[in-house]
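Analysis of the macromolecular model
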Amino acid sequence: MVISFLFLAGTLLLILQTTVLHALPDWFGRPNLLFLLVVFLGTHLDVYKGAVLVLLFGLLMDIFSGIILGLHPVVYLLLFFLLQIVSRHLTLTESVHQMPLVAFSYLLSASGIFLFATILTPDSRLYWAWGNELLQVLILSVISIPFFNFFHWATIVFSSTLQHNPFRRQKGGNRYTV
């Protein structure tokens, strides 16, 4: 139940980010909401379910972005496993730790995507725009706290509804005792 909610939420975030937020002017910034969900999955979900979701989100991002196929899944999976390792050794549930984690992860993944794109397409000229990247880092860091709090609450709600489903028949003890 939680996995289907997170997949649906990620798909809606990607659609929102590629339609509505893409229409915003450049000076306003275009936050990468799907990236925030990938960071959330890396710090709050187990390895197998999270890796499958991150792989699907990376493939969807490649389909929507139109650059080299397979670039986002590789970068997102590497970031996911790095966040899994970091979150096992540190407690990253407090909002104080989330903002620098998001900022560092975004700079790491954006530089990885830029590096891989320049290596794989040497004929095209790509440029690194520090102003846009720092604006993205600032926007993502600010909205990361309510974003993570909402998704943490939603995963708790959807995991508890699985245990307390009103449509499931109550299992009692053995009706036929000997």
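Above this text sits the structure in question.
My aim in this report is to walk through the structure given alongside it, one point at a time. (Residues numbered from 1 in each chain as written. Predicted model: local features only at pLDDT ≥ 70, side-chain atom pairs only at ≥ 80, totals over all residues. Heavy atoms only, no water.)

Attention now moves to the side chain of S141. Inspection of the secondary structure assignment puts S141 in helix α6 (residues 130-163). In this structure the side chain of S141 is engaged in a polar contact, spanning 2.8 Å, whose partner is the backbone oxygen of V137. Discounting chain neighbours no more than four positions away, the residues touching S141 are M99, V102 and A103. (Helix = DSSP H or I, 4+ residues; strand = E, 2+ residues; numbered from the N terminus. Polar contact = N/O pair within 3.5 Å; in protein donor to acceptor, adjacent residues only side chain to side chain. Contact = heavy atoms within 4.5 Å.)

For helix α1 (residues 2-19), with 18 residues, the first-to-last C-alpha span of 26 Å sits near the 26 Å given by 1.5 Å per residue. Taken as a whole, α1 has its buried residues at V2, F5, L6, A9, G10, L13, L14 and Q17. Down the axis of α1, the buried set is contained in an arc of 165°. They therefore lie on one face. Facing away from the buried side of α1 by over 90 degrees, the exposed positions are L8 and L12. (Expected span 1.5 Å × (residues − 1). Buried < 20%, exposed > 50% of the residue type's maximum accessible area, 1.4 Å probe, protein only. Arc of directions from axis to C-beta.)

This part covers the packing of helix α2 (residues 33-44) against helix α3 (residues 47-65). Direction vectors running N to C along α2 and α3 enclose 165°, while the axes themselves pass 10 Å from each other. In terms of axis orientation, α2 runs roughly antiparallel to α3. The chirality of how α2 crosses α3 is left-handed. Of the residues in α3, those touching α2 at L34, L37, V38 and L41 are L53, V54, F57 and M61. Looking at side-chain class alone, the contact of α2 with α3 contains eight nonpolar, no polar and no charged residues. (Axes fitted to C-alpha atoms, helices over the stretch in contact; angles between N-to-C directions. Parallel < 35°, antiparallel > 145°, perpendicular 65-115°, else oblique. Left-handed = near helix turned anticlockwise from the far one by under 90°. Nonpolar A, V, L, I, M, F, W, Y, C, P; charged D, E, K, R; others polar.)

Another point: α2. Relative to the 16 Å expected for 12 residues at 1.5 Å per residue, α2 spans 16 Å between its end C-alpha atoms, a close match to the ideal helical length. Of all 12 residues in α2, 11 are buried, a share of seventy percent or more.

The subject of this paragraph is the nonpolar core. One finds L6, L37, V39, L41 and F151 to be the most contacted residues of the largest nonpolar core, which totals 38 residues. Looking at this core, the elements that each hand over two or more residues are α1, α2, α3, α4 (71-89), α5 (95-120) and α6. The element that contributes the greatest number of residues to this core is α2, accounting for nine residues. Leaving out residues up to four positions away in the same chain, L6 has contacts with L37, L41, L45, L53, F57, F151 and T155. (Core = buried A, V, L, I, M, F, W, Y, C linked by side-chain atoms within 4.5 Å.)

This part covers the environment of L41. Note on placement: L41 falls in helix α2. Those residues within four positions of L41 in sequence are excluded, and the remaining contacts are L6, L53, V54, F57, F80 and Q84.

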